[in-house]
Amino acid sequence: MIIGSRTRWWPRTEPNSCSSPKPAKWPFFVCNICFETSTHDPFNPKGCDHVYCTPCTAKYIDTKLSDNKNRILCPSPGCNGLLDPDHCRRILPQSLLDRWEASLAESAIDDAHKLYCPYPDCSALLINDGGGGCRPGRWLFFRRLWRKDWKANCPWCRRAFCVRCRVPWHSRMDCGKYQRSKAKREDKMVVELAKANRWKRCPGCRMYVSKQSGCSHIICRCRAEFCYICGARYSIEHRCRLQ
């Protein structure tokens with residue numbers, strides 16, 4: 001995305017023989033993202049004076065969220081102006097606003113208390129509330145049943161799963177036996193498909209990730225960062241051993 005320099009304003013005026021020119025409600029300005037002269041409602045990030053047209057701002061936020069970035073700064077390089085849901089509420093569609101707020105809420109949850117429903121057609125975010133039961137609200141909580149079998153039910157799809165192993169409920173064996181036989185019971189077809197398509201497993205949540213395009217730096221939905229080529233956790237100093 002190309003970012004320009006500071007905004008240039010050209011106020012639109014109407015001639016009037018009896019008084020000084022009066023500016024229109026919204027002046028002409030040049031958006032620093034698309035470089036088009038615009039009459040859209042100009043939008044300023046919080047804490048800076050850069051100005052952008054509202055369609056470009058919404059598209060910029062959507063792109064950042066697609067990259068798993070929920071702390072969004074002003075598009076101009078080196079600027080610390082901040083974009084947040086409350087400040088941008090009037091210019092964003094409700095669906096995009098909901099995605100942003102959901103991403104912020106999920107990132108605020110400690111990874112030690114967070115997991116996802118293991119059923120692929122559900123994958124709801126679940127949070128262990130320490131045994132206090134299911135609480136009402138926007139975010140999903142489950143009650144850990146302090147029994148030997150670690151069995152719980154997803155509040156969304158109502159299906160049973162194992163909290164300890166984070167898999168669909170294994171009714172014919174305890175967790176110890178399941179963990180020891182996990183490698184043998186893994187679906188061979190899925191493994192072969194992953195190998196054929198060169199999918200990689202996230203080192204954080206162990207889910208398969210498929211990269212369609214872009215660089216090898218992957219940010220999983222669990223917030224873990226890793227190299228798609230070698231599978232190692234990513235850091236600033238990372239040098240892929242397979243390149």
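In case you missed it, the structure is sitting above this.
This structure is a prediction, so every number in the text was calculated from the model and none was measured. (Residues numbered from 1 in each chain as written. Predicted model: local features only at pLDDT ≥ 70, side-chain atom pairs only at ≥ 80, totals over all residues. Heavy atoms only, no water.)

Peer 1: What is the right way to read the packing of helix H1 (residues 54-66) against helix H3 (residues 94-107) from this model?
Peer 2: Between two packed helices, what matters for the description is the angle formed by their axes and the separation of those axes. Where H1 meets H3, the closest approach of the two axes is 11 Å, and the angle between their N-to-C directions is 40°. Between H1 and H3, the angle is such that the two are oblique. Viewed along their axes, H1 and H3 form a crossing whose handedness is left-handed. Residues Ala58, Ile61, Asp62, Leu65 and Ser66 of H1 lie in contact with H3, whose contacting residues are Leu96, Arg99 and Trp100. Partitioned by chemical class, the residues of the contact of H1 with H3 number 5 nonpolar, 1 polar and 2 charged. (Axes fitted to C-alpha atoms, helices over the stretch in contact; angles between N-to-C directions. Helix = DSSP H or I, 4+ residues; strand = E, 2+ residues; numbered from the N terminus. Parallel < 35°, antiparallel > 145°, perpendicular 65-115°, else oblique. Left-handed = near helix turned anticlockwise from the far one by under 90°. Contact = heavy atoms within 4.5 Å. Nonpolar A, V, L, I, M, F, W, Y, C, P; charged D, E, K, R; others polar.)

Peer 1: Could you clarify how one ought to interpret the environment of Leu83 in this entry?
Peer 2: Its place among the elements puts Leu83 in strand E9 (residues 82-83). Using a relative accessible area of 3% as the deciding quantity, one classes Leu83 as buried. C-alpha of Leu83 to C-alpha of Asn70: the two residues are 13 residues apart in sequence and 9.5 Å apart in space. Discounting chain neighbours no more than four positions away, the residues touching Leu83 are Phe43, Pro45, Tyr60, Ile61, Ile72, Leu73, Cys88 and Trp100. (Buried < 20%, exposed > 50% of the residue type's maximum accessible area, 1.4 Å probe, protein only.)

Peer 1: Just checking my understanding: could you explain the pattern of salt bridges for this structure?
Peer 2: Proximity of charged atoms lets side chains of opposite charge pair with each other. All told, the structure shown has 5 salt bridges when counted by the stated rule. Here Asp86 and Arg89 are joined by a salt bridge, their closest N and O atoms 2.8 Å apart. Assessed through its relative accessible area of 61%, Asp86 is described here as exposed. Judged by its relative accessible area of 36%, Arg89 is partly exposed. For the salt bridge of Glu101 with Arg89, the shortest nitrogen-to-oxygen distance reads 3.0 Å. Note that Glu101 is positioned in helix H3 and Arg89 in the loop between helix H2 (85-88) and H3, a separation of 12 residues in sequence. One continuous salt-bridge network, built from bridges that share partners, spans Asp86, Arg89 and Glu101. (Salt bridge = Lys/Arg side-chain N within 4 Å of Asp/Glu carboxyl O.)

Peer 1: Would you explain the sheet that holds strand E15 (residues 167-168) in this entry?
Peer 2: Strand pairs in the sheet, formed through backbone hydrogen bonds, run parallel or antiparallel to each other. As summarised here, the arrangement of the 3 strands in space is E13-E14-E15, forming an open sheet in which the pairing is antiparallel. Looking at which strands have only one partner, the edges of the open sheet turn out to be strand E13 (151-153) and E15. Pairing geometry for E13 and strand E14 (residues 160-162), over 3 bridges, is antiparallel. Residue pairing for E14: Asn153 is matched across the bridge by Ala160. (Pairing = 2+ DSSP bridges.)

Peer 1: How should the nonpolar core be read in this particular structure?
Peer 2: Nonpolar side chains tend toward joint burial in soluble globular proteins. Formed by 23 residues in total, the largest nonpolar core has its most connected members in Cys31, Ile61, Ile72, Leu83, Cys88, Leu92 and Trp100. For this core, the secondary structure elements donating two or more residues are strand E7 (52-53), H1 and H3. A total of 5 residues in this core trace back to one element, the largest contributor, which is H1. Once residues lying within four places of it in the same chain are set aside, the contact partners of Cys88 are Phe43, Ile61, Leu83 and Trp100. (Core = buried A, V, L, I, M, F, W, Y, C linked by side-chain atoms within 4.5 Å.)

Geometric values such as these leave the question of function open.
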